[in-house]
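This is what each chain is made of:
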Amino acid sequence: DVKVTQSSRYLVKRTGEKVFLECVQDMDHENMFWYRQDPGLGLRLIYFSYDVKMKEKGDIPEGYSVSREKKERFSLILESASTNQTSMYLCASSSRWAAGEKLFFGSGTQLSVL
Amino acid sequence: GESVGLHLPTLSVQEGDNSIINCAYSNSASDYFIWYKQESGKGPQFIIDIRSNMDKRQGQRVTVLLNKTVKHLSLQIAATQPGDSAVYFCAETPYSGAGSYQLTFGKGTKLSVIP
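Being a predicted model, the structure only gives us computed values, none of them experimental.

So, about the packing of aromatic side chains. Inspection of the entire model under this criterion finds ten aromatic pairs over all chains. An angle of 45 degrees between the planes, with centres 5.7 Å apart, marks the rings of Tyr 36 of chain B and Phe 105 of chain B as tilted. Of this pair, Tyr 36 of chain B sits in strand β3 (residues 32–38) while Phe 105 of chain B sits in strand β9 (residues 104–105), and the two are 69 residues apart along the sequence. Its relative accessible area of 0% is what places Tyr 36 of chain B among the buried residues. Note on Phe 105 of chain B: relative accessible area 9%, which makes it buried. An aromatic cluster of at least three residues, connected via ring pairs, comprises Phe 33, Tyr 35, Phe 48 and Phe 105 of chain A together with Tyr 36, Phe 46 and Phe 105 of chain B. Above the ring of Tyr 10 of chain A, the side-chain terminus of Arg 9 of chain A is found at 5.3 Å from the ring centroid.

Turning next to the nonpolar core. Grouped together as the largest cluster of nonpolar side chains are 20 residues, with contacts concentrated most on Trp 34, Ile 46, Leu 76, Leu 78 and Tyr 89 of chain A. Residue assignment for this core shows that the elements contributing at least two residues are β3 (19–21), β5 (31–38), β6 (42–49), β8 (64–70), β9 (73–78), β10 (87–94) and β12 (109–113) of chain A. Counting residues per element, this core draws most heavily on β9 of chain A, at three residues. Phe 33, Trp 35, Leu 111 and Val 113 of chain B belong to the second largest nonpolar core, which has 19 residues in total.

Residue and element names in this part refer to chain B. Of all seven residues in β3, seven are buried; the element is thus mostly enclosed. Of the strand pairs in this sheet, β3 and strand β8 (residues 86–93) are connected by seven bridges, and their pairing is antiparallel. When the bridges of β8 are listed, Lys 37 appears paired with Tyr 88.

Time to look at unusual backbone geometry. All names here are of chain B. We note that Arg 61 has phi near 70 degrees; this positive angle belongs to a residue other than glycine. A relative accessible area of 30% means that Arg 61 is categorised as partly exposed. In the Ramachandran plot, Lys 71 falls in the positive-phi region, its phi being about 55 degrees despite a non-glycine side chain. Take Lys 71: it is sitting in the loop between β6 (62–67) and β7 (72–77).

Right, let's get into the environment of Gly 43 of chain B. Residue position: Gly 43 of chain B is located in the loop between β3 and β4 (45–51). When neighbours within four sequence positions are excluded, Gly 43 of chain B is seen to be in contact with Leu 90, Phe 105, Gly 106 and Ser 107 of chain A together with Lys 37 and Gln 38 of chain B.

Moving on, we come to the state of the cysteines. Residue and element names in this part refer to chain B. For the coordinates displayed, the defined rule picks out two disulfides over all chains. The disulfide that involves Cys 23 links it to Cys 90, with 1.7 Å between the sulfurs. Because the sign of the S-S torsion sets the handedness, a value of about 45 degrees for the bond joining Cys 23 and Cys 90 places this disulfide among the right-handed ones. With Cys 23 in strand β2 (residues 19–24) and Cys 90 in strand β8, the pair connects residues that are 67 residues apart, well separated along the chain. According to the relative accessible area criterion, Cys 90 is buried, its value standing at 9%.

Cut-offs applied
Residues numbered from 1 in each chain as written. Chains lettered and ligands numbered in written order. Predicted model: local features only at pLDDT ≥ 70, side-chain atom pairs only at ≥ 80, totals over all residues. Heavy atoms only, no water. Phe/Tyr/Trp six-rings, centres within 6.5 Å; stacked < 30°, edge-to-face > 60°. Helix = DSSP H or I, 4+ residues; strand = E, 2+ residues; numbered from the N terminus. Buried < 20%, exposed > 50% of the residue type's maximum accessible area, 1.4 Å probe, protein only. Lys NZ or Arg CZ within 6 Å of the ring centre and 35° of its normal. Core = buried A, V, L, I, M, F, W, Y, C linked by side-chain atoms within 4.5 Å. Pairing = 2+ DSSP bridges. Contact = heavy atoms within 4.5 Å. Disulfide = S-S within 2.5 Å.

Read these as spatial facts, not as claims about activity.
The structure is reproduced here in structure tokens:
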């Protein structure tokens, strides 16, 4: 089975802190994604990457950056955390050869910014 | 300001009954659709998909129906079980094939199964 592992289940940070959310997948997938999930708003795409060192903005990239130095790892960075970034963050991966639609998700990181 | 009243639509179903979860989409160019299930404390899991050249697809206990005329998608779960309790999301993308990276997700429907 595909496994997408997010390093933290819960995180509490203070406003202005730099925050790193880490994600690792073990299926050699080309594509990786970061979403945030908020009540009533569903899943919104922050950034995605279809290859090492490649990244593309999603629908809501403001306040975030990403890093993909290795194929299996995709990091989401909050340069200066703000309270409106309190959310559930979901990492996902997919195979390019499966057309990229069938995403496999991690269990999520619930981030609270105080 | 803070948003209030953003509650998920909820469907309550008796165990053993069939469930129907609906989803409306707006992009007429969408031609690939997926249903995901998200249990409490977990990430979404793929259930079933359908391409726009089909109007029905069946899986194990689940059926997806696509009506492109009215841009409507539904997920039917037969003989609903307590383990089916979850939030269900539909997702769409305007094109399939390699390079289709951006799914658009619906806001979700919470299914509660009454034992």
